[in-house]
Structure formats: C-alpha cells, structure tokens
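Chains, contacts and geometry: an overview
Here is how the chains run, residue by residue.
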Amino acid sequence: MTSVEEDDVYEFPYVRPEKRGLIESWKRELWNPETRQILGRTGKSWGLGFRPISDEVSAGALIWYQASNESNYRRWTDQLDKFLEPYHVAQKLPGGGKNQQVCDFDQPPQDGKVCEVNVKNFQPCTMEMGYGFNRSSPCIFIKLNKIYGWVPEFYERNKLPEDIPEDLKIHILKTNPKELNQVWVSCKGDSPSDSENMGPISYIPGRGFPGYYYPYTNIDGYLSPLIAIHLARPKLNTVINIECRAWAKNIKYFHQQGHRQGSVLFEVMID
C-alpha cells in the first residue's frame, strides 16, 4: 500500500474528533486551523503542494504582499530561501547528498541513487532575482507530494485526454518522443476573470515532472522535482485565484463545489 508523505511525515494520523456544536462544526468544515484543511482537504490530499504558503492559518492559500515594500515581500522570499535550501546545499540532506546523481531521460538513477534537482538555472525564479516578488511578477513553486512507491502512468501522445488544455496539448505534440514520460502540469485562472487577471505565465524549467524522479522509495538525498510558475504581468490590487493541475493516467482529477483532487488552488494579490 502506498502512503502519502510530506517532509517524511505521514499525512493521515488518526485524531479522535472533539464534540462541537452545529455552528462550530460547520465553521470547521469550511476551515480547520488545526489541520489547515479547507473543506476537508489539505494541500497534500490534493496531490500538489505549493510554496510559499502563509504561516498565518487564517490567510489560507493567499499570497498577499506589497512589491514596493521590501520588509513586506521578504517574508515570502525568505520562506522560499528556506524551502529551497536543501536544493542548493546537498550536504544538508540525509546522507550529505552523496546518493545524488545527474539524471536525464537517457540516464535514470542507478540502484541506490536519486536524481538531483538543479534549481540554480530557474531564472528569473532564483534567490538572486528575488523570485520576481520585487518586480510584481512572482514565482510560485509547485511539486507533487511524495507517495512512497507510486509510479506515474504516462499519457501517450496520440491518446491525450479530451479536457487537456490546448496549449499543453500543443506542447506535448512538439515534445521529443523520448521525453514524453512526464507528469504534465497546467495552470489557469479559476474563473474567466481570474484567467484574464493572471496574465501570461511560464513554467520553469518545463511543463512536467520528469518520470526518472519516480518512484520515491525513501532513499537518502531524495528531493521532489519542482516547477516554478512565473506570473509575468498579473493584475495588481486584485485577488487572483489560480488552479494548477497534474496530468497522468493514475492521477484522478475532481473539482466540484470547492472540493479538489489532483490539483491545487492558491491565491495571489499584489499591492
């Protein structure tokens, strides 16, 4: 049986529910500050996670900052610095990063090894460039949550799902055949107005998580692959709801009345 992990912590510990009144129970169903669940789900149960994420539980999935105020946006970029530290300094990983190797589609990891994730060339989504926050064009990092033993089932180029976004379909059709084994990612505004306000985006370093990073088997030094979503010109002074979805045959997608599976929703507001 596979198990979902985030930073090597199992997702579903059993907690005996407390007895609450009807109103309190209804409030907890909408937002549970103890478990950080929205409508009964967490970022982990959706399958995708994102960073940065607010330390204030009441803020939920909102990333809100002032681009002209360094002390204000640094709370977000400092969090990204900390999150990405293991990607920059492999020596801080279990095993000192000695199990890492450079991989590509022709060179999967050897037995007992894991693939490195090089984030140094994620321009403009780098520490040196402030992840774009000071330019009102922030980078949001997304990743698949670790599931022990899970192997993605990849789409064939001639058997893509009917609801796949047209821009992603075109990208896949142009992809080198030997590089098709990826968990693809698409992001869009949660509504037509959100899509318009979101503006152009780019996926760095690409549109998918390469298959050679899977399965995760708890080998020392393993790091989840990342994609930085760069918002080039988002509308200012407006809350923008953005949904990012992962695409593989064995990633089920569900979105109805606020409940999501196989995707994650976050909000961005730049003053």
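First, a word on what this report is: a plain description of the structure on this page. Note that the coordinates shown come from a computational prediction; the quantities given were computed from them, not determined experimentally. (Residues numbered from 1 in each chain as written. Predicted model: local features only at pLDDT ≥ 70, side-chain atom pairs only at ≥ 80, totals over all residues. Heavy atoms only, no water.)

1. Concerning the overall build of the protein
If you tally the helices and strands in the protein, you get 4 helices and 18 strands. When burial is assessed residue by residue, the protein has 45% of its 271 residues classed as buried. (Helix = DSSP H or I, 4+ residues; strand = E, 2+ residues; numbered from the N terminus. Buried < 20%, exposed > 50% of the residue type's maximum accessible area, 1.4 Å probe, protein only.)

2. Overview of the sheet that holds strand E18 (residues 263-270)
Strand order in the open sheet formed by 5 strands is E6-E18-E15-E11-E13, and the pairing between neighbours is mixed. One side of each edge strand has no neighbouring strand; the edge strands of this open sheet are strand E6 (62-65) and strand E13 (208-210). Between one strand and the next, the sheet's axes are offset by a mean angle of 20 degrees, whatever the strand orientation. Across 6 bridges, strand E15 (residues 240-247) lies against E18 in antiparallel orientation. Its bridge partner being in E18, Ile242 is matched across the sheet by Phe266. Across the face of the sheet, helix H3 (residues 166-174) comes into contact with strand E11 (182-189) and E15 while running at roughly 150 degrees to E11. (Pairing = 2+ DSSP bridges. Axes fitted to C-alpha atoms, helices over the stretch in contact; angles between N-to-C directions. Contact = heavy atoms within 4.5 Å.)

3. Considering the pairing of E15
Among the 8 residues in E15, 8 count as buried, and that is most of the element. Across 6 bridges, E11 lies against E15 in antiparallel orientation. Residue Trp184 lies in a different strand from E15, and its bridge partner there is Trp247.

4. A few points about the pattern of salt bridges
Evaluated as defined, the whole model comprises 9 salt bridges. Measuring nitrogen to oxygen at the nearest pair gives 2.8 Å for the salt bridge that ties Asp106 to Lys178. Taken together, the residues span a long stretch of sequence, with Asp106 in the loop between strand E7 (100-101) and strand E8 (114-115) and Lys178 in the loop between H3 and E11 at a distance of 72 residues. A salt bridge links Arg207 to Asp167; its shortest N-O distance comes to 3.1 Å. (Salt bridge = Lys/Arg side-chain N within 4 Å of Asp/Glu carboxyl O.)

5. Here we look at the state of the cysteines
Going through the model one piece at a time under the given rule, you end up with 3 disulfides. The disulfide bridge from Cys103 ends at Cys115, spanning 2.1 Å between sulfur atoms. Taking the sign of the S-S torsion, about -90 degrees here, the bridge from Cys103 to Cys115 comes out left-handed. Taken together, the residues span a long stretch of sequence, with Cys103 in the loop between E7 and E8 and Cys115 in strand E8 at a distance of 12 residues. Cys115 matches Cys103 in its accessibility class, with the two residues each being buried. Paired through a disulfide, Cys187 and Cys244 show a sulfur-sulfur distance of 2.0 Å. Taking the torsion about the S-S bond as the criterion, the Cys187 to Cys244 disulfide, at about 110 degrees, is right-handed. Separated by 57 residues along the polypeptide, Cys187 in strand E11 and Cys244 in strand E15 bring together distant segments of the chain. Owing to a relative accessible area of 10%, Cys187 belongs among the buried residues under this scheme. Described in terms of the sequence order of its bonded cysteines, the disulfide pattern of the protein is 1-2, 3-4, 5-6. (Disulfide = S-S within 2.5 Å.)

6. Here we look at unusual backbone geometry
Residue Pro52 is bonded to the preceding Arg51 through a cis peptide linkage, with omega at 5 degrees. With respect to the secondary-structure elements, Pro52 resides in the loop between strand E5 (48-51) and E6. Of note, Ser136 is a non-glycine position whose phi angle comes to about 60 degrees, a positive value. If you trace the backbone, Ser136 turns up in the loop between E8 and strand E9 (139-144). The phi dihedral of Asn237 is positive, around 60 degrees, even though this residue is not glycine. Mapped onto the elements of the fold, Asn237 is located in the loop between strand E14 (227-231) and E15.

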